[in-house]
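# Descriptive structure summary
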Amino acid sequence: DAAEAIESPGDQRGNLSEDYDRASITKRSAQSSRDLKAQKRERARKGTKQLAEDMTAMADRLEDVQETYRQSQKTELLEQLAGIFQDLMNLSQSQERTATEARRGARRSEQEALSRRQTRDLNGTSRLADRIDEADKRTFLIPPQAGSATRNAIIQMQKSMGHLQRGLGDQASSEAREAKAGLIS
């Protein structure tokens, strides 16, 4: 209920536009102009004074709408960055588990499970790389090497998966550790 009650910046802009129409700013401005031409100075002065106050109030409201929009964009970006960071940490931990389990010389059935995990992590990392690229377009907070490090991690995961499929646990472990390093760099 609270979420529905909160107006978005777009809703506020719409309300502001409706208020502008309701306040008849254009008509009142034209009337003040006619009053000045007709030498009705006192009436024109009162009309323009009220118009100025109304326009100032609307300008203040528009500034509030803009600030609300900026804050919502900032909040959205921070949530996006927090999600990216959390996913990087989760994938990094998964790569550490894969490296540890591969080094132990897992049986064939365990290697298949590790290979499936690598496939899942590889897909997740690919999606994460897209999210990092998208966030990088919105902010300077993404380090320039983040995208290339993530792409390198993908390559290492692919190599690790290949080694797992061939039963080469030590090499798979080494590549998984390299992938982890790429994710947390």
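To be clear, the structure that these remarks concern was listed above.
From a predicted model like this one, the values you see are computed outputs, not experimental measurements. (Residues numbered from 1 in each chain as written. Predicted model: local features only at pLDDT ≥ 70, side-chain atom pairs only at ≥ 80, totals over all residues. Heavy atoms only, no water.)

### Topic: the pattern of salt bridges
- For the structure shown, the criterion picks out 12 salt bridges.
- With a shortest N-O distance of 2.7 Å, E96 and R177 are connected by a salt bridge. Taken together, the positions of E96 in helix α4 (residues 41–103) and R177 in helix α7 (residues 169–184) put the pair 81 residues apart, joining distant regions of the chain.
- With relative accessibility at 33%, the residue R177 sits in the partly exposed group.
- The residue E96 makes a salt bridge to K180 at a minimum N-O spacing of 3.1 Å. Placement of the pair is E96 in helix α4 and K180 in helix α7, with a sequence separation of 84 residues.
- Judged by its relative accessible area of 26%, E96 is partly exposed.
- With a relative accessible area of 24%, K180 lands in the partly exposed category. (Salt bridge = Lys/Arg side-chain N within 4 Å of Asp/Glu carboxyl O. Helix = DSSP H or I, 4+ residues; strand = E, 2+ residues; numbered from the N terminus. Buried < 20%, exposed > 50% of the residue type's maximum accessible area, 1.4 Å probe, protein only.)

### Focus: the side chain of R117
- Within the secondary structure layout, R117 lies in helix α5 (residues 108–138).
- The buried category is assigned to R117, whose relative accessible area is 15%.
- In this structure the side chain of R117 is engaged in a polar contact, spanning 3.4 Å, whose partner is the side chain of E101. (Polar contact = N/O pair within 3.5 Å; in protein donor to acceptor, adjacent residues only side chain to side chain.)

### Looking at the nonpolar core
- Judged by nonpolar contacts, the single largest core of 18 residues is most densely connected at I84, L128, I132, I142 and L183.
- At the level of secondary structure, the elements contributing two or more residues to this core comprise α4, α5, α6 (145–165) and α7. (Core = buried A, V, L, I, M, F, W, Y, C linked by side-chain atoms within 4.5 Å.)

In short, the description is geometric, and any link to function would need to be established separately.
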